[in-house]
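# Fold and contact review
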Amino acid sequence: QVQLVESGGGLVQAGESLRLSCAASGSIASLNTMGWYRQAPGKQRELVATITSGGSTNYADSVKGRFTISRDNAKNTVYLQMNTLKPEDTALYYCNVRQRIGVYWGQGTQVTVSS
């Protein structure tokens, strides 16, 4: 099993920044993809960004140039630096790990951006 613990969400004003963290524990494979997804009220969950164990990244068009995903393989931790936040970034942000033995989700951390 894999456990994911997210932190770093909160309430900020438009234009400000937040940094999310997600620490993974348990049966973590050396090869995996870690990422962040988000779900706003009344909308489907959507990809925000992913990063492979080799460091390759992928971003949703809506966050390119504003968000940066990174990871510390030694700590099995993934980060999401979110700059120039907009009200439309308001959502519950979920950490995700994909590896050969399964796909795992965190409980989510709320990000609210006021205008």
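Residues numbered from 1 in each chain as written. Predicted model: local features only at pLDDT ≥ 70, side-chain atom pairs only at ≥ 80, totals over all residues. Heavy atoms only, no water.

This brings us to unusual backbone geometry. With phi around 50°, N76 is a residue other than glycine that occupies positive phi space. Within the secondary structure, N76 sits in the loop between β7 (67-72) and β8 (77-82). What makes N76 partly exposed here is its relative accessible area of 25%. Phi at T84 takes a positive value of approximately 45°, unusual for a residue other than glycine. With respect to the element layout, T84 can be found in the loop between β8 and β9 (91-99). (Helix = DSSP H or I, 4+ residues; strand = E, 2+ residues; numbered from the N terminus. Buried < 20%, exposed > 50% of the residue type's maximum accessible area, 1.4 Å probe, protein only.)

For the rest of this paragraph, the subject is the side chain of R66. By the element assignment, R66 lies in the loop between β6 (57-59) and β7. Residue class for R66 comes out buried when judged on its relative accessible area of 10%. A polar contact of 2.9 Å, which involves the side chain of R66, links it to the backbone oxygen of S62. A distance of 2.9 Å separates a polar atom in the side chain of R66 from the backbone oxygen of T84. (Polar contact = N/O pair within 3.5 Å; in protein donor to acceptor, adjacent residues only side chain to side chain.)

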